[in-house]
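Spelled out, the chains give:
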Amino acid sequence: YQDTSYDFWRLIDDLNPVSVITFSRGYIDYSWELEYNYYNRTNWGADYTTPFFPTPNPPDSDQEINFLRNSTLPMEQIMNAVNDASIGLNSYMDLNGDPGHFVSEFMGYHGVWYHDLNEYNESSPCYLAGHVHVGGLIDWDTAISAAEITIEEVITALEEYTYIPGDVNDDENIDILDIVITVSYILGQQNLNGGAFYAADMNSNGIINIQDIILII
C-alpha cells in the first residue's frame, strides 16, 4: 500500500495527466473487467509485508470512511471495443461491486481521487479516470493489445473535452445562444455534459451560475 501511494503521487505530480487508467491483475481467467466503484475504506485486505494496511487509513483523510468515487472512463465503449476485437477476452463492466478491498482497489481509488481533485483545475485538468482488472491468464501480447484498445477509446472520449471557453454549443461562436443554453442549465431545463459543461464553467469551479454568464458576456 505505502509503495503504491508513494509512487503514484510522486509520478502524477510530474505528469499532470488529462486521464488516468490504472491496471492490476484480476481473476485468474481471460477477463478485462472495468471497475466503476472505489471506496475510501478502512477494511482493506492485509498486505504481504509490514505495514499490512494503508497509512493513513482510510487513505483519503479529507473524506469520510467508505466515501465513494466512481470511474469516469468510457466503460461501455471500452468493453465493446475489446470484445469486438476478437482477441479472446471477456470484457465487462462491474457497476455494482468493488475492486476487491486490496491493493487493486487502493490503486484504482488513487486514480479517481486524483481526477476528482483536478477535474476543474484550470491549468491542468484531469477529465477521465478508472481502473481495469486484467485476467491472470492473459498473455503479455494480448494484454498489450487490449490496453492499446482501451487507450484509444479514452483518447476518443477526450476529444469531447476540447472546447472554447464560452462556446457552449460548440459552433465556434460565442453569442446569445450560448447564454441561453447556460441559463437553461441553471434553471434545470437542460443538461450539459463533457466539453459543453466545461465551456460554460468559465471560472472552472465546477459550478455553473450567474458568475459564468457574466464572464461569457
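In this text, all values refer to a predicted model and were calculated from it rather than measured experimentally. (Residues numbered from 1 in each chain as written. Predicted model: local features only at pLDDT ≥ 70, side-chain atom pairs only at ≥ 80, totals over all residues. Heavy atoms only, no water.)

Student: I'd like a rundown of the sheet that holds strand β1 (residues 19–25), residues and numbers included.
Tutor: Ordered in space as β1-β6-β2-β5, the four strands form an open sheet in which the pairing is mixed. Edge positions in the sheet fall to β1 and β5 (90–94), since each of these pairs with one other strand and no more. Within this sheet the neighbouring strands show an average axis-to-axis angle of 25°, counted without direction. Across the sheet, helix α2 (residues 75–84) lies against β2 (31–35) and β5, angled at about 165° from β5, the strand it touches most. Relative to strand β6 (residues 128–134), helix α3 (residues 103–118) is tilted by about 165°, and along the sheet it contacts β1 and β6. (Pairing = 2+ DSSP bridges. Helix = DSSP H or I, 4+ residues; strand = E, 2+ residues; numbered from the N terminus. Axes fitted to C-alpha atoms, helices over the stretch in contact; angles between N-to-C directions. Contact = heavy atoms within 4.5 Å.)

Student: Pulling in residues and values, what's your account of the side chain of Glu33?
Tutor: You can see Glu33 is positioned in strand β2. The buried charged residue Glu33 lacks any salt bridge partner; its closest oppositely charged side chain belongs to Arg25, at an N-O distance of 11 Å. Within the structure, the side chain of Glu33 is placed 3.5 Å from the side chain of Tyr92, a separation counted as a polar contact. (Buried < 20%, exposed > 50% of the residue type's maximum accessible area, 1.4 Å probe, protein only. Lys, Arg positive; Asp, Glu negative; His and termini not counted. Salt bridge = Lys/Arg side-chain N within 4 Å of Asp/Glu carboxyl O. Polar contact = N/O pair within 3.5 Å; in protein donor to acceptor, adjacent residues only side chain to side chain.)

Student: Residue-level account of a nonpolar patch on the surface, with values.
Tutor: Together, Ile28, Tyr30 and Leu137 make up a nonpolar patch on the protein surface, roughly 300 Å² of accessible area in all. With respect to the secondary-structure elements, Leu137 resides in the loop between β6 and α4 (140–158). (Patch = residues over 30% accessible without salt bridge, like charges linked within 9 Å, V, L, I, M, F, W, Y side chains within 5 Å. Areas by Shrake-Rupley, 256 points an atom, 1.4 Å probe, with all protein chains shown as cover.)

Student: A description of the layout of surface pockets should follow, citing residues and the corresponding values.
Tutor: Its volume calculated, the largest pocket comes out at about 210 Å³. Around the largest pocket, the lining comprises 13 residues; the ones closest to its centre are Phe8, Leu11, Ile12, Val20 and Thr22. Counting only elements with at least two residues in the lining of the largest pocket, the list comes to α1 (2–15), β1 and α3. With six residues, α1 is the largest single contributor of residues to the lining of the largest pocket. Across the lining of the largest pocket, the residue classes tally to eight nonpolar, four polar and one charged. Its boundaries defined by the atoms lining it, the second largest pocket holds a volume of some 180 Å³. (1 Å grid on protein atoms, 1.4 Å probe; cavity = no way out; pocket = protein on both sides within 12 Å on 5 of 7 lines; lining within 4 Å. Points joined across faces, edges and corners; volume = space filled by probe spheres on them. Nonpolar A, V, L, I, M, F, W, Y, C, P; charged D, E, K, R; others polar.)

Student: Describe the environment of Glu119, listing the residues and the values that go with them.
Tutor: Locating Glu119 in the fold gives a position in the loop between α3 and β6. Along the sequence, Glu119 and Ser204 sit 85 residues apart, while their C-alpha atoms lie 9.0 Å from each other. Residues within four places of Glu119 in sequence aside, it is in contact with Pro125, Cys126 and Tyr198. One polar contact links Glu119 to Tyr198, side chain to side chain, over a distance of 3.0 Å.

Distances and angles like these do not, on their own, reveal function.
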